[in-house]
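Overview (structure and organization)
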Amino acid sequence: MNKNQETLQVIQKLTKLTDDGKCDWEETSQNNQYRIQVGLTEIYVTHNKSLIRSYSFEIYDLNGARVTSENFVEADDSYQELERLYKSIQDFQTRKYKKKMREIDEQLDYL
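Predicted model, so just to flag it, every value in this text is computed and none were measured.

Cut-offs and rules
- Residues numbered from 1 in each chain as written.
- Predicted model: local features only at pLDDT ≥ 70, side-chain atom pairs only at ≥ 80, totals over all residues.
- Heavy atoms only, no water.
- Helix = DSSP H or I, 4+ residues; strand = E, 2+ residues; numbered from the N terminus.
- Buried < 20%, exposed > 50% of the residue type's maximum accessible area, 1.4 Å probe, protein only.
- Contact = heavy atoms within 4.5 Å.
- Pairing = 2+ DSSP bridges.
- Axes fitted to C-alpha atoms, helices over the stretch in contact; angles between N-to-C directions.
- Core = buried A, V, L, I, M, F, W, Y, C linked by side-chain atoms within 4.5 Å.
- Patch = residues over 30% accessible without salt bridge, like charges linked within 9 Å, V, L, I, M, F, W, Y side chains within 5 Å.
- Areas by Shrake-Rupley, 256 points an atom, 1.4 Å probe, with all protein chains shown as cover.
- Salt bridge = Lys/Arg side-chain N within 4 Å of Asp/Glu carboxyl O.

What follows deals with the overall build of the protein. A count of helical and extended segments in the protein gives two helices and five strands. Listing each helix as α and each strand as β along the protein from the N terminus yields α-β-β-β-β-β-α. Dimensions of the protein, computed from the C-alpha atoms along their principal axes, are close to 55 × 30 × 25 Å. For the protein, the proportion of its 111 residues judged to be buried stands at 35%. In the protein, the share of contacts with a sequence separation of at least 24, taken over all contacts with a separation of at least 6, comes to 41%.

Below is the structure:
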């Protein structure tokens, strides 16, 4: 199995887990980027909206060493897989926000 296929498998697993609400992604200070820590690694997904629409997928170990860094542009077959993960993360963030707002609303009702 080549490096790209291994990366795609990880992306597909992360998409399923994110859809199921089992991955707690957080926004980073970089625009359009999300981060998650899985075991001893950190994974970053970034949507680049410059001249060429693309997504980047990076994995780092806890020492900051890059395990993999791959870019997917619209012309790539793999682009849709990473786009699907990014949209899944955005949906997760929306669900998380709505849940938090319901909790705040309920707390305000008690005041």
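Past the structure itself, the notes keep going.
On the basis of which strands lie adjacent, the open sheet formed by five strands has the order S1-S2-S3-S4-S5 and antiparallel pairing. This sheet does not close on itself; its edge strands, each paired only once, are strand S1 (26-27) and strand S5 (66-73). Lying on the sheet, helix H2 (residues 79-109) is in contact with S1, strand S2 (33-38), strand S3 (41-48), strand S4 (54-61) and S5; it crosses S4 at an angle near 75°.

Another point: the nonpolar core. Of all hydrophobic cores here, the largest spans 19 residues; its most connected members are Trp25, Val45, Phe57, Leu82 and Leu85. Sorting the residues of this core by element identifies helix H1 (3-19), S2, S3, S4 and H2 as the ones contributing at least two each. Apart from residues lying up to four places away in sequence, Leu85 is in contact with Ile11, Leu14, Thr15, Thr18, Trp25, Val45 and Phe57.

Right, let's get into the environment of Leu14. In this fold, Leu14 is placed in helix H1. On the accessibility criterion, Leu14 (5% relative accessible area) is buried. Spatially, the C-alpha atom of Leu14 lies 9.4 Å from that of Ile89, the residues being 75 residues apart in sequence. Those residues in contact with Leu14 that sit more than four places away from it in its chain are Cys23, Trp25, Ile43, Phe57 and Leu85.

Here we come to a nonpolar patch on the surface. Side chains of Tyr97, Met101, Ile104, Leu108 and Leu111 sit close together on the surface and give an oily, nonpolar patch of about 560 Å² of accessible area. You can see Tyr97 is positioned in helix H2. The class of Tyr97 is exposed, set by a relative accessible area of 53%.

Only a minority of non-glycine residues have a phi that is not negative, and only a minority of peptide bonds are not trans. Not every positive phi belongs to a glycine, and Asn32 is a case in point at roughly 60°. Along the chain, the position of Asn32 falls in the loop between S1 and S2.

With that settled, the discussion passes to the pairing of S2. Pairing of S1 with S2, which is carried by two bridges, proceeds in the antiparallel orientation. Directly across from Glu26, in S2, lies its bridge partner Arg35. The loop that links S2 with its antiparallel partner S3 comprises two residues; one of these, Gly39, has a positive phi angle of about 60°.

This brings us to the pairing of S4. For a regular strand, the rule is simple: side chains alternate between the two faces of the sheet. By the criterion of burial, S4 is predominantly enclosed, with seven of the eight residues buried. Two strands pair when backbone bridges link them, and S3 and S4 are joined in this way by eight bridges, in the antiparallel orientation. Note that in S4 the partner of His47 across the bridge is Tyr55. Sheet analysis places S4 next to S5, joined by seven bridges and oriented antiparallel. In the strand pairing of S5, Tyr60 is matched with Arg66. Here S4 folds back onto S5 in antiparallel fashion, the turn holding four residues, of which Gly64 has a positive phi close to 90°.

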